[in-house]
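Results of the structural survey
Listed here are the chains, written in short residue letters.
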Amino acid sequence: MGCCSGRCTLIFICTLQLVLALERQVFDFLGYQWAPILANFFHIIIVILGLFGTIQYRPRYIVVYTVWAAIWVAWNVFIICFYLEVGGLSKDSDLLTFNISAHHSWWSEHGPGCVRREMPQAPGVHTTESHSYITVMGCFVDYQYIEVMHSGAQILVALLGFVYACYVVSAITEEEDSCLRK
């Protein structure tokens, strides 16, 4: 199998997936989104496994990557449904933080063009947690659409990875079969 075939394309797609996943991981950490952090962590490990399998001609590793790509597409469809509030889901729920904290998407306060203002607590009210009420105005793009765009990009790259991984597994298996027949 030549390098300019599906194998090199799959290596490029896996590398692109790693970059996109690391970028997403950073912003999920900033927003304390624990469910996406765990999903991104597994995604990074499986993509590295798929990359290794592609480079080392290991079809079993590529098959694991292929199965994960399908799961990853489903996860990102869920994230899109979550932020667009489809089917009874609410973007204001603590579902992505496992109900551990009241954190939310980092983009909700730090999106492009957003102006963030903190309102201090009422005088005389003292709590151990000095949280302020935060208002955000003037955002060019609402945060849920930024999250949807992230997930859409992840779906697109995962589908490409799925198709090329199937092709590479087929090509490697065919090569092995032709070597066994000789």
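Up top you'll find the structure we're talking about.
Below is a short write-up of the structure. (Residues numbered from 1 in each chain as written. Predicted model: local features only at pLDDT ≥ 70, side-chain atom pairs only at ≥ 80, totals over all residues. Heavy atoms only, no water.)

A closer look at unusual backbone geometry
Even without being glycine, Tyr 32 reaches a positive phi, approximately 55 degrees. Residue placement: Tyr 32 occurs in the loop between helix H1 (6-30) and helix H2 (34-55). One non-glycine residue with positive phi stands out, namely Glu 85, at about 55 degrees. (Helix = DSSP H or I, 4+ residues; strand = E, 2+ residues; numbered from the N terminus.)

With respect to the packing of aromatic side chains
Using the criterion set out here, one finds nine aromatic pairs in the structure. Note on Trp 75 and Phe 78: the rings are 5.6 Å apart at their centroids and 40 degrees apart in plane angle, and the pair reads as tilted. Of the two residues, Trp 75 and Phe 78 are both situated in helix H3 (residues 59-83); the distance of three residues between them amounts to about one turn of the helix. A relative accessible area of 27% places Phe 78 in the partly exposed class. With 6.2 Å between their ring centres and 40 degrees between their planes, Phe 78 and Phe 82 make a pair best called tilted. Remark: Phe 82 and Phe 78 occur in helix H3; sequence separation between them is four residues, near one turn of the helix. Members of the aromatic cluster, connected to one another through ring pairs, are Trp 75, Phe 78, Phe 82, Tyr 83 and Tyr 143. (Phe/Tyr/Trp six-rings, centres within 6.5 Å; stacked < 30°, edge-to-face > 60°. Buried < 20%, exposed > 50% of the residue type's maximum accessible area, 1.4 Å probe, protein only.)

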